[in-house]
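Residues per chain are reported as follows:
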Amino acid sequence: MAPTHHRATIIGSGPAGHTAAIYLARAQMEPIMFEGMMANGFAPGGQLTTTTDIENFPGFPKGILGGTLMDQMREQSVNCGTVIETETITKVDTSVRPFRLWREGSDEQSEPTDTTDALILATGASAKRMHLPGEEKYWQNGISACAVCDGAVPLFRNKPLVVIGGGDSAAEEAIYLTKYASHVHVLVRRDQLRASKVMADRLLAHPHVTVHFETVPTECVGNGDVLTEVLTRNTKTGENGSIEASGLFYAIGHTPATELVKGQLDLDESGYIKTVPGSASTSVEGVFAAGDVQDKRYRQAITSAGSGCMAALDAERYLTELEA
């Protein structure tokens, strides 16, 4: 059977993917979105489907649930004319034109299931977690991987919080959380911080931060509803301890979902897709990247949406020139 051809294809269904879909559909580019089914470990809608209250996305003065926001974005994409397939793309080939794609369950050694003239990758990234005992129970009920997203919620205000990590991101998030917390404890596996000297000095000098070196978390403890305590172990002495905490924030990095394009697109040292500054263009003409798969600095829903808009406008311009 001949592959199904599309003018524009979007892989991924977070804020970046849906914003791109809305813009392309309104421009009559007939986009198709493969939203994935548990792709990268997430349901359709991406990381926001695992988030509870979102208070910093414009247009929702009383906040909105992450899953609800993604449901509304999906509905808007469909209403604008996007075709959405709840399937996962498991292989792409950007070495030929049109680009070739294989859906999950297809024989990747046979002919592709789909082809496309323009491809937008919005596959996102997932926060690294330690999967401690109790973590799943209290995820988003005291445990988070985004201080900027969740730090200001009432659950964490004027309460002791824990940050795990020793790099610049951990230092930045810990200092950010001091705006809301009664005190911030930073757990560092090593005997020194990996953060830059400026950030390390700032963190160590902060009056509302305690850095626990050679210390790792071992368990998340709560009252059945929310997190109340983080159990710890000293990696040098083996001594066990505990820290009263209403929140635990992971700051140990993210893993971008770029397996599909490794060896085909230029990636940076952390595995994120490189884009041309000021655009969504990648190292392959006609392939664009948006959202957390190419953004390791901001990683916010609103910045993902903005980059999705950029990708759509760049793709529209590319298709117009291609078809001229």
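Treat the numbers as computed from the prediction; the structure is a model and nothing was measured. (Residues numbered from 1 in each chain as written. Predicted model: local features only at pLDDT ≥ 70, side-chain atom pairs only at ≥ 80, totals over all residues. Heavy atoms only, no water.)

### Overview of the overall build of the protein
We apply this condition: By definition, any uninterrupted DSSP run of H or I lasting at least four residues is a helix, any uninterrupted run of E lasting at least two residues is a strand, and each is numbered from the N terminus. Here the globule rule reads 2.2 Å times residues to the power 0.38, and the radius of gyration is calculated from C-alpha atoms. Accessible area is worked out with a 1.4 Å probe on protein chains only. A residue is then buried under 20% of its type maximum, exposed over 50%, and partly exposed in between.
Along the backbone of the protein there are seven helices and 19 strands. Rg of the C-alpha trace for the protein: 21 Å, near the compact-globule value of 20 Å for 324 residues, within the 12% margin. Along the longest, intermediate and shortest principal axes, the C-alpha atoms of the protein span 65 × 40 × 35 Å. When each of the 324 residues of the protein is scored for burial, the buried share is 51%.

### Describing helix H5 (residues 168-177)
Spelled out, the test is: Here a residue-residue contact requires only that any non-hydrogen atoms of the pair lie within 4.5 Å.
Counting buried residues along H5, seven of its ten residues qualify, which places the element largely inside the surrounding structure. By the burial criterion, the buried members of H5 are Ala 170, Ala 171, Glu 173, Ala 174, Ile 175, Tyr 176 and Leu 177. Elements in contact with the buried residues of H5: helix H4 (147-150), strand E11 (160-164), strand E12 (183-188), helix H6 (197-205) and strand E17 (247-250).

### Considering unusual backbone geometry
Between Arg 97 and the following residue, Pro 98, the backbone shows a cis peptide bond with an omega angle of -5°. Within the secondary structure layout, Pro 98 lies in the loop between strand E6 (89-93) and strand E7 (99-103). The phi torsion at Gln 28 lies on the positive side, around 60°, for a residue other than glycine. Position of Gln 28 relative to the elements: it lies in the loop between helix H1 (15-26) and strand E2 (31-34). Gln 28 sits in the exposed class, given a relative accessible area of 62%. Backbone geometry places Gln 140, a non-glycine residue, at a positive phi of 65°. With respect to the element layout, Gln 140 can be found in the loop between helix H3 (135-138) and strand E10 (143-144).

### Focus on the domain arrangement of the protein
When the parts of a complex come together, some accessible area is lost, and that lost area is often taken as the interface size. To keep things clear, this is the line we draw: A domain assignment, automatic or from a database, supplies the domain bounds used here. The quantity reported as buried area is the accessible area (1.4 Å probe) lost by two parts once they are put together, taken as the sum for both. Salt bridges are identified by distance alone: a Lys or Arg side-chain nitrogen within 4 Å of an Asp or Glu carboxyl oxygen. Think of a polar contact as two N or O atoms within 3.5 Å of one another; within protein, one of them needs to be a possible hydrogen donor and the other a possible acceptor, and neighboring residues in sequence only count if both atoms come from side chains. Under the scheme applied, nonpolar residues are Ala, Val, Leu, Ile, Met, Phe, Trp, Tyr, Cys and Pro; charged residues are Asp, Glu, Lys and Arg; polar residues are all the others, including Gly.
Domain annotation of the protein identifies domain 1 (4-126 + 254-323) and domain 2 (129-250). Using C-alpha coordinates to define each centre, domain 1 is positioned 32 Å away from domain 2. Taken together, the nine residues of domain 1 in the interface contact eleven residues of domain 2. Buried surface at the junction of domain 1 and domain 2, summed over both partners, amounts to about 630 Å²; 38% is from carbon and sulfur atoms. Counting across the interface, domain 1 meets domain 2 through zero salt bridges. Connecting domain 1 to domain 2 are zero residue pairs in polar contact (both at pLDDT 80 or more). Partitioning the side of domain 1 that touches domain 2 into residue classes produces no nonpolar, six polar and three charged.

### A look at the sheet that holds strand E14 (residues 215-222)
Each strand in a sheet pairs with another by means of backbone hydrogen bonds, the pair being arranged parallel or else antiparallel. Filter applied, for reference: When DSSP finds two or more bridges between a pair of strands, those strands are recorded as paired. Lines are fitted to the C-alpha atoms to define the axes, a helix being fitted only along its stretch in contact, and any angle between axes, read from their N-to-C directions, falls within 0 to 180 degrees.
Reading across from one edge, E14-E15-E16 is the order of the three strands in this open sheet, with antiparallel pairing throughout. Only two strands of the sheet have a single neighbouring strand rather than two, namely E14 and strand E16 (240-244). Neighbour-to-neighbour, the strand axes of this sheet turn through a mean angle of 30°, independent of strand direction. Where strand E15 (residues 227-234) meets E16, five bridges bridge the pair, whose relative direction is antiparallel. By the bridge assignment, Thr 232 is partnered in E16 with Gly 241.

### Some remarks on the pattern of salt bridges
Counting across every chain of the model gives 13 salt bridges. Of the charged contacts in the structure, one is a salt bridge between Glu 269 and Lys 296, with a shortest N-O distance of 3.0 Å. Separated by 27 residues along the polypeptide, Glu 269 in the loop between strand E18 (254-256) and strand E19 (287-289) and Lys 296 in the loop between E19 and helix H7 (301-323) bring together distant segments of the chain. Judged by its relative accessible area of 35%, Lys 296 is partly exposed. Linked by salt bridges that have partners in common, Glu 85, Glu 87, Arg 103 and Asp 114 make up one network.

### Quick look at the packing of H1 against H7
Stated precisely, the cut-off is as follows: It is the rotation of the near helix from the far one that decides the hand of a crossing: anticlockwise by less than a right angle makes it left-handed, clockwise makes it right-handed.
Interaxial distance between H1 and H7 falls to 7 Å at its minimum, and their mutual angle equals 40°. Our pair here, H1 against H7, has a crossing hand that is right-handed. Between H1, through Pro 15, Ala 16, Thr 19, Ala 20, Tyr 23 and Leu 24, and H7, the contact on the second element is made entirely by Ala 301, Ser 304, Ala 305, Ser 307, Gly 308, Cys 309, Ala 312, Leu 313, Ala 315 and Glu 316.

### Notes on the nonpolar core
In plain terms, the rule: In plain words, nonpolar cores are sets of buried Ala, Val, Leu, Ile, Met, Phe, Trp, Tyr and Cys residues tied together by side-chain atoms within 4.5 Å.
If you look at the biggest cluster of nonpolar residues, it comprises 25 residues, and the most contacted ones within it are Val 163, Leu 177, Val 184, Val 186, Leu 203, Val 211 and Phe 249. Those elements giving two or more residues to this core turn out to be E11, H5, E12, H6 and strand E13 (209-213). Sort the elements by how many residues they give to this core and H5 lands first, with six residues. Among all residues touching Val 184, those that are not within four sequence positions of it are Leu 161, Val 163, Ala 174, Leu 177, Thr 178, His 208, Val 209 and Thr 210. Ranked by size, the runner-up nonpolar core spans 20 residues in total, among them Leu 24, Ile 84, Ile 120 and Ala 290.

### Looking at the state of the cysteines
Here a disulfide denotes one covalent bond, and it connects the sulfur atoms of two cysteines. Inclusion rule: Only a pair of cysteine sulfur atoms within 2.5 Å qualifies as a disulfide here.
If you walk through the whole model with that rule in mind, you get one disulfide. The side chain of Cys 146 participates in a disulfide bridge whose partner is Cys 149; the two sulfur atoms lie 2.1 Å from each other. Here the S-S torsion is close to 65°, and the disulfide linking Cys 146 with Cys 149 is therefore right-handed. Overall, Cys 146 belongs to the buried group, its relative accessible area being 15%.

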